[in-house]
Amino acid sequence: TQLLEQSPQFLSIQEGENLTVYCNSSSVFSSLQWYRQEPGEGPVLLVTVVTGGEVKKLKRLTFQFGDARKDSSLHITAAQPGDTGLYLCAGHTSGTYKYIFGTGTRLKVLA
Amino acid sequence: SQTIHQWPATLVQPVGSPLSLECTVEGTSNPNLYWYRQAAGRGLQLLFYSVGIGQISSEVPQNLSASRPQDRQFILSSKKLLLSDSGFYLCAWRPRGRGDTQYFGPGTRLTVL
C-alpha cells in the first residue's frame, strides 16, 4: 500500500520565520502535487513537480522533489499570516488513476 | 479556462434521508473525475473515480454511490444517510491525457443529524 507521510502535522510560528514541511514515501511517484487548503474551501494547487531533483519556486515558497522521486519538501521563507492553512501533498504514478494524499500539515502563522 | 462547480455548498440532512451532490466541470472535455471525503480538515479519502460516461470505480465500500450521466457531470448519491456520512465532500477533475495534476472544486459540507 502506498503511503505519504507528512511532517510536522502541526506548526505554529511567528511572522517572519522560515519553515519546512516534508512529504515522504517508500514508493516512487511520477509526479507530486502540493496544495494549500483554507477552512471550508477546496484545496488549491500550488505546484506540480515531475523530475527527480527538481526545484520550483513560487514567490516565498520553494518546492523540491527528491532525486529518487520518493519524497518532497516545501520551504517557506519569511512566513506571513496569509500562509496559514492546511498543506497537502499528493503523489501520482503514471498509468494509474489514483492519487495518494499525505495526512496534511496545518500551519498557523501568528502576526 | 476550466472551472469546477459543486452544489450545494452546505447541506444538513437527517439520518435515513437520501443524498444527491452534484459536480460539473466547464471548459474541458472527457476529464477524469473524482469524489473524495475529508474528515476533520485532514487528508483526503478517495471514494469514487470515473474515466468516462457511465464508468465508475469504487474505492471504499459504503452506502454511497456515484454516477456520471454526462461527460462533465459527476453525482454522489445515497439512498439512506448515516451519521458517519458527515464530512466535507470534494470533487476533482484531471485533464485526460495531459499532465498529472488534479484540480479541486469548492467542496460540500454535509452534516447528518
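Conventions adopted
- Residues numbered from 1 in each chain as written.
- Chains lettered and ligands numbered in written order.
- Predicted model: local features only at pLDDT ≥ 70, side-chain atom pairs only at ≥ 80, totals over all residues.
- Heavy atoms only, no water.
- Helix = DSSP H or I, 4+ residues; strand = E, 2+ residues; numbered from the N terminus.
- Rg over C-alpha atoms; globule rule 2.2 N^0.38 Å.
- Buried < 20%, exposed > 50% of the residue type's maximum accessible area, 1.4 Å probe, protein only.
- Contact = heavy atoms within 4.5 Å.
- Areas by Shrake-Rupley, 256 points an atom, 1.4 Å probe, with all protein chains shown as cover.
- Lys, Arg positive; Asp, Glu negative; His and termini not counted.
- Charge placed at Lys NZ, Arg CZ, Asp CG, Glu CD.
- Salt bridge = Lys/Arg side-chain N within 4 Å of Asp/Glu carboxyl O.
- Polar contact = N/O pair within 3.5 Å; in protein donor to acceptor, adjacent residues only side chain to side chain.
- Nonpolar A, V, L, I, M, F, W, Y, C, P; charged D, E, K, R; others polar.
- Phe/Tyr/Trp six-rings, centres within 6.5 Å; stacked < 30°, edge-to-face > 60°.
- Pairing = 2+ DSSP bridges.
- Axes fitted to C-alpha atoms, helices over the stretch in contact; angles between N-to-C directions.

Asker: So what's going on with the overall build of chain A? Which residues, and what values?
Answerer: In terms of regular secondary structure, chain A is built from 0 helices and 11 strands. Reading chain A from its N terminus to its C terminus gives the helix and strand order β-β-β-β-β-β-β-β-β-β-β. The C-alpha radius of gyration computed for chain A amounts to 13 Å, which stays within 12% of the reference 13 Å derived for 111 residues, consistent with globular compactness. In terms of overall dimensions, chain A has C-alpha extents of about 45 × 30 × 20 Å along its principal axes. The buried share of chain A, taken over its 111 residues, is 44%. Restricting the contact set of chain A to residue pairs at least 6 apart, pairs at least 24 apart contribute 54%. Taken as a whole, chain A presents about 5300 Å² of accessible surface, with 51% of it coming from carbon and sulfur. If the 10 positive side-chain charges of chain A are averaged to one point and the 9 negative ones to another, these points end up 4 Å apart.

Asker: I'd love a proper account of the interface of chain A and chain B, names of residues and values included.
Answerer: Facing the 26 residues of chain A at the interface are 22 residues of chain B. Put simply, chain A and chain B have 1 salt bridge between them. Across the salt bridge formed by Glu59(B) and Lys98(A), the nearest N and O atoms sit 3.2 Å from each other. Between chain A and chain B we count 8 residue pairs in polar contact (both at pLDDT 80 or more) in total. Sorting the residues of the side of chain A that touches chain B by element identifies β4 (31-37), β5 (44-49), β9 (85-92) and β10 (99-101) of chain A as the ones contributing at least two each. Looking at the side of chain A that touches chain B element by element, the count peaks at 4 residues for β4(A). Looking at side-chain class alone, the side of chain A that touches chain B contains 9 nonpolar, 14 polar and 3 charged residues.

Asker: Let's hear about the packing of aromatic side chains: which residues, and what values?
Answerer: Evaluated as defined, the whole model comprises 12 aromatic pairs over all chains. Pairing Tyr35(A) with Phe101(A) gives two aromatic rings, centres 6.2 Å apart and planes at 35 degrees, and the pair type is tilted. With Tyr35(A) in strand β4 and Phe101(A) in strand β10, this pair connects stretches of sequence that are 66 residues apart. Accessibility classification places Tyr35(A) together with Phe101(A) in one group, the buried group. Geometrically, the ring pair formed by Tyr34(B) and Tyr36(B) is stacked, given 6.2 Å between the ring centres and 20 degrees between the ring planes.

Asker: Which residues make up the environment of Gly87(B), and what are the values?
Answerer: All names here are of chain B. Among the structural elements, Gly87 can be located in strand β9 (residues 87-94). For Gly87, a relative accessible area of 9% translates into the label buried. Through-space distance from the C-alpha of Gly87 to that of Arg109 is 6.0 Å; in sequence the pair is 22 residues apart. Apart from the residues lying within four places of it in its own chain, the contact partners of Gly87 are Gln38, Thr108, Arg109 and Leu110.

Asker: How would you sum up the sheet that holds strand β1 (residues 5-7) of chain A? Please name residues and give values.
Answerer: Residue and element names in this part refer to chain A. With respect to topology, 5 strands assemble into an open sheet ordered β1-β3-β8-β7-β6, the strand pairing being antiparallel. Unpaired on one side and paired on the other, β1 and β6 (55-58) mark the two borders of the sheet. Geometrically, the sheet is characterised by an average inter-axis angle of 15 degrees between neighbouring strands, direction not taken into account. Two elements, strand β7 (residues 61-65) and strand β8 (residues 71-76), share 5 bridges in a ladder whose sense is antiparallel. Looking at the pairing, Phe65 lines up with Ser72 of β8.

Asker: Report on the sheet that holds strand β1 (residues 3-7) of chain B, specifying residues and quantitative values.
Answerer: All names here are of chain B. As summarised here, the arrangement of the 4 strands in space is β1-β3-β8-β7, forming an open sheet in which the pairing is antiparallel. Single-partner strands in this sheet number two, and they are β1 and β7 (64-70). Strand after strand, the sheet turns through a mean of 20 degrees between neighbouring axes, direction not considered. In this structure, strand β3 (residues 19-26) lies alongside strand β8 (residues 73-78), joined through 6 bridges in antiparallel fashion. Each residue of the ladder has a partner; that of Ser20, found in β8, is Ser77.

Asker: Account for unusual backbone geometry, with residues named and values stated.
Answerer: Omega for the peptide link from Ser7(A) to Pro8(A) comes to -10 degrees, which places this bond in the cis form. Considering the arrangement of structural elements, one finds Pro8(A) in the loop between β1 and β2 (10-14). Of note in the backbone geometry, Ala78(A) takes a positive phi value of approximately 50 degrees without being a glycine. The phi torsion at Asn30(B) lies on the positive side, around 55 degrees, for a residue other than glycine.

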